[in-house]
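Listed here are the chains, written in short residue letters.
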Amino acid sequence: MALLLDITTTAALLFIVSAGLFVIFGVLKIINFAHAAWLTIGAYTTVVATRMGFSPWLSLPLAVFVGGLLGAATEIAIVRPLYRRSLDAILATWGLGVVIVQIITLTFGRDMQMPPALITGTVDVLGMPYSSYRLFLLVAAVIMGLAFVLVLERTRLGLNAQAVIMNETLARALGINTSQVRLVTFMLGSAIAALAGVLLTPLSSVDPTMGISWLIGAFMLVMVSGTSVAALALACLCFGAAQVLVSTWISPILGSVTVAVLCAVVLRLHPKGFARG
Amino acid sequence: MKNAKPTCLCLLLATALVSGPALAQEGEPITIGVPVGLSGANSVIAPAVVQATQLAVEQINASGGILGRPVKVVVADDASGAAGAQTAYNTLVFQNDVDVLIAMETSAARNAGLPIVEEGEKPFIYSSFYEGRSCSPNMFVNGWVPEQQVPPVVEKLMADGARNFFLIGSDYAFGRGMLEFSRKYIEDKGGKIVGEEYLPMEGSDWTAILSNLRSAGADAVITSTAGGTPNVTLTKQLRASGISIPYANLAVDEGTAKAMGADGVGILISASYLTAIDTPENKDFIAALEKKFGGEMRTPNDLSTPQYEAVYLYKAAVEKAGSTETEAVLAAFPEVSFKGPRGEISMSKQHHAPLTMYLGEVQADGSVKVVAEFPNVDPGDQCPDL
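Rules used in this analysis
- Residues numbered from 1 in each chain as written.
- Chains lettered and ligands numbered in written order.
- Predicted model: local features only at pLDDT ≥ 70, side-chain atom pairs only at ≥ 80, totals over all residues.
- Helix = DSSP H or I, 4+ residues; strand = E, 2+ residues; numbered from the N terminus.
- Contact = placed C-beta atoms within 7 Å.
- Buried ≥ 20, exposed ≤ 12 C-beta atoms within 10 Å, placed from the backbone.
- Axes fitted to C-alpha atoms, helices over the stretch in contact; angles between N-to-C directions.
- Parallel < 35°, antiparallel > 145°, perpendicular 65-115°, else oblique.
- Left-handed = near helix turned anticlockwise from the far one by under 90°.
- Nonpolar A, V, L, I, M, F, W, Y, C, P; charged D, E, K, R; others polar.

Novice: Sorry if this is basic, but what is going on with the overall build of chain B here?
Specialist: If you tally the helices and strands in chain B, you get 12 helices and 14 strands. For chain B, the spread of C-alpha atoms along the principal axes amounts to about 70 × 50 × 40 Å. When contacts within chain B are restricted to residue pairs at least 6 apart in sequence, those whose partners lie at least 24 apart make up 71%.

Printed below as a string of structure tokens:
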């Protein structure tokens, strides 16, 4: 039972952390290496909000707002000219990430910050105490996943985004404002990443380089999922399970590399990864 | 590189010339070289170490210096690693031609610096706690080694009824070294290790280890992670998992434990220095730091306080030897002692120091209470050949 909970909550965590990167890669075909920095910014909005005496819950909307705003600025100033030059985009976003981390270091110092946790304590699941916060993450991930599906399938923005994914030239010919779709997508991706940063604070240390340790896993997961939300969810579940099982039964040191190894294997055997078609 | 050798030789020659009688003149300052990790892994802790050095030097100068000569400090950044240390030590030993090196550093930096110290024939006090068994005729150590830090923790936990221990660490030399020693010590004392798990230093997800801990039936958990991030992620996740057995942390400093707020409460810390030590020497030390640095003051800790005392130990050694000559100072080191914030310190056992160890427990208000005191804990046989 503990194993099952560990697996699902680990998968939920992986999903939350990679969702922002996934949105940007799925629609824009750009690998946003500033993703780690967005996570960090999100976590620091919790630091700022709680320092000002607000509840840490308020940092959730605040992070979405800050992330969206910075995402818009980044898209307009840096990413816009680079859509057709994806290698340059990697370089530019990587550089942006470095700059953001340095700015955070200068503002808040290198020290670790300790904002209060969103939820503390445990709940009994079938007689066994389990971290309430991890269970909350599970709920948060499911809500996030459902929201993705709804936005993609049921809104104008989602339909436009799908059109851009399939054939951008055709979409533009049909009168879809593709540059607006891109702007909004990038904002959304950044906002979700910042939100994930807030959700990480109760589990992780909050310091300027905190995002880096989550970047590689997120990157790998997005690579094997392509553009499908279902594929991302499935990948998180499979790799999360592998990570937990290897860590529990063999060694946590091996467990921490399972995601990377499995992604490489999956892409070698089946280049499209978990995405169909 | 062809030109490097002659330059080096020249520097050596120059060193030989000046470090003779010329420098011993009245009124010439005595120079203390402080290689320290101002950047890199040690950058959070280094400012406190520099402040401790500056305070000691200011106090010594205000009371007439050493042998009537004023004292000067040269700080060099070693970037917390081996490559940076080579540059820093070369500069201090051969260019600045310091009289002594007193340094709190990573083990990598110390190992890189030692051959340079030996080549330049300088006395060297290493003021950091470390994994033990680093020996050099030129080096004396006044921080703790595992033989001194682990027993207080284990004894306290066992006295409180713990028999089954679970060990968790970061996968690197210090983390594994500390836990290996803990395992041996616990087993010698009749306890049992029910689990020992490691995560890479950059790992941040402790889920599986914590589930294993929960099902292992341990009475107490002892951790030794890398300082900083892994320490915090582990503590947060341990607390969130609802595991409530006694928790001793071999790698947390007082400041970090306090900063962890509610998650830090109840953590057992074993150290040779805690700010709560109730002696006049410690109170004066903290007051003097506050007066000198005001709002810029860094809280003194188990790395910066030994550095402060090391400067005074050097002073005592030079005064006993009657000169700053390396051989005489090295001969005097094991003989002298200094009563500082940590108590009476003397590097009398195979170049290491018997220390009074304190067991602290983090309280609900964030303070650290001294719950037990272990006077004069022996460092064991660190360097039997010296």
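Novice: Would you mind showing me how to read unusual backbone geometry here?
Specialist: Backbone geometry follows two general trends: most residues other than glycine have a negative phi, and most peptide bonds adopt the trans configuration. All names here are of chain B. Even without being glycine, glutamate 121 reaches a positive phi, approximately 55°. Take glutamate 121: it is sitting in the loop between α4 (107–120) and β4 (124–126). For glutamate 121, a count of 17 C-beta atoms within 10 Å translates into the label partly exposed. If you check the backbone angles, glutamine 350 has positive phi at about 45° while not being a glycine. Tracing the backbone through its elements, the reader meets glutamine 350 in the loop between β12 (343–345) and β13 (355–362).

Novice: Please explain the packing of helix α3 (residues 59–79) of chain A against helix α8 (residues 178–200) of chain A as it appears in this structure.
Specialist: Axes are the key here: two packed helices are described by the angle between their axes and the distance separating the axes. Residue and element names in this part refer to chain A. The interhelical angle for the contact between α3 and α8, taken along N-to-C directions, is 140°, at an axis separation of 7 Å. In terms of orientation, α3 lies oblique with respect to α8. By crossing handedness, the relation of α3 to α8 is classed as right-handed. Residues belonging to the contact of α3 with α8 are distributed by class as follows: 15 nonpolar, 8 polar and 2 charged.

Novice: Help me out: how do you make sense of the interface of chain B and chain A in this one?
Specialist: Where interface size is given, it is often the accessible area lost as the parts come together that is meant. In this complex, chain B contributes 29 residues to the contact, which on the side of chain A involves 26 residues. Looking at the side of chain B that touches chain A residue by residue, the classes come out as 10 nonpolar, 13 polar and 6 charged.

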